[in-house]
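Understanding the architecture of this molecule
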Amino acid sequence: MWFDQQAVRVRAGRKPDRGNPDGTVLDWSPGAVDRADLPPLNIQPRIQVETTGDERTEVVTGWRIQSDEGVDLDVTELDRIEWDGKTLEVDGDVARWPDPLAGGLHHVELNAKRVTG
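In this report, we go over the structure that sits alongside the text. (Residues numbered from 1 in each chain as written. Predicted model: local features only at pLDDT ≥ 70, side-chain atom pairs only at ≥ 80, totals over all residues. Heavy atoms only, no water.)

The secondary structure content of the protein amounts to zero helices and ten strands. Secondary structure elements of the protein occur, N-terminal to C-terminal, as β-β-β-β-β-β-β-β-β-β. With respect to the three principal axes, the spread of C-alpha positions in the protein is 50 × 40 × 25 Å. The burial tally for the protein puts 31% of its 117 residues in the buried class. (Helix = DSSP H or I, 4+ residues; strand = E, 2+ residues; numbered from the N terminus. Buried < 20%, exposed > 50% of the residue type's maximum accessible area, 1.4 Å probe, protein only.)

Given below as structure tokens:
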């Protein structure tokens, strides 16, 4: 498997909001986010679904992102990934797979999606 694609993890900051239980909400404004280059990844297409409605057509495109063997990723389910000129949302949990023989981390996998329309 090839691990040659570059991506950036984008993590939201927090801003005060009295209407939420912890008193904050995610802040995706450019000055509030934390950006970090990720190690080389394998990113493959996973799914594409088109939904046509009366007023618009929505397209959901998904990718599977995987790290190389032994490489952890500083990514959570709340983050976004910038790759290939697109901003993707992490879709679901980030899976950290154990090495069945040596113990420790084998690799990380996650799904990401982009919704347009």
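Another aspect to go through is the pairing of strand β9 (residues 95–98). Both β9 and strand β10 (residues 105–116) contribute to a ladder of four bridges, which runs antiparallel. Among the inter-strand pairings, W97 is bridged to a residue of β10, identified as H107. Two successive antiparallel strands, β9 and β10, enclose a turn made up of six residues, where G103 displays a positive phi of approximately 80°. (Pairing = 2+ DSSP bridges.)

Right, let's talk about the pattern of salt bridges for a bit. A complete count under the given rule lists eleven salt bridges for this structure. The partner of D22 in a salt bridge is R14, with the nearest N and O atoms 3.0 Å apart. Residue R14 is classed as partly exposed on the basis of its relative accessible area, which comes to 44%. R64 is paired through a salt bridge with E109; the nearest N and O atoms lie 3.0 Å apart. Within this pair, whereas R64 is found in strand β6 (residues 57–67), its partner E109 is found in strand β10, the two being separated by 45 residues in sequence. A residue is classified by how much of its surface remains accessible, and E109, at 16% relative accessible area, is buried. Here the salt bridges share partners, and the residues they tie into one network are R9, R11, D34, D74 and D79. (Salt bridge = Lys/Arg side-chain N within 4 Å of Asp/Glu carboxyl O.)

It is worth spelling out the pairing of strand β8 (residues 86–90) at this point. The alternating pattern of β8 places K86, L88 and V90 on a buried face and T87 and E89 on a face that is not buried. Direction of pairing for strand β7 (residues 80–83) relative to β8: antiparallel, over a ladder of four bridges. Opposite I81, over in β8, you have L88 as the bridge partner. Here β7 hands over to β8 after two residues, with D84 in that stretch at a positive phi of 55°. Alignment of β8 against β10, held across two bridges, turns out to be antiparallel. Bridge assignment links V90 to a residue of β10, and that residue is A112.

We now examine unusual backbone geometry. Despite not being glycine, D84 shows a phi value in the positive range, around 55°. Mapped onto the elements, D84 comes out in the loop between β7 and β8. Judged by its relative accessible area of 53%, D84 falls in the exposed class.

All right, on to the packing of aromatic side chains then. Going through the model one piece at a time under the given rule, you end up with one aromatic pair. Aromatic pair W63 and W83: ring centres 5.6 Å apart, planes at 70°, arrangement edge-to-face. Here the residue W63 occupies a position in strand β6, and W83 occupies one in strand β7, the gap between them amounting to 20 residues. The pair formed by W63 and W83 is uniform in burial state, with each residue classed as buried. The positively charged end of R80 is found above the aromatic ring belonging to W28, 3.7 Å away from the centroid. The ring of W83 has K86 lying over it, and the distance from NZ or CZ to the ring centre is 5.5 Å. (Phe/Tyr/Trp six-rings, centres within 6.5 Å; stacked < 30°, edge-to-face > 60°. Lys NZ or Arg CZ within 6 Å of the ring centre and 35° of its normal.)

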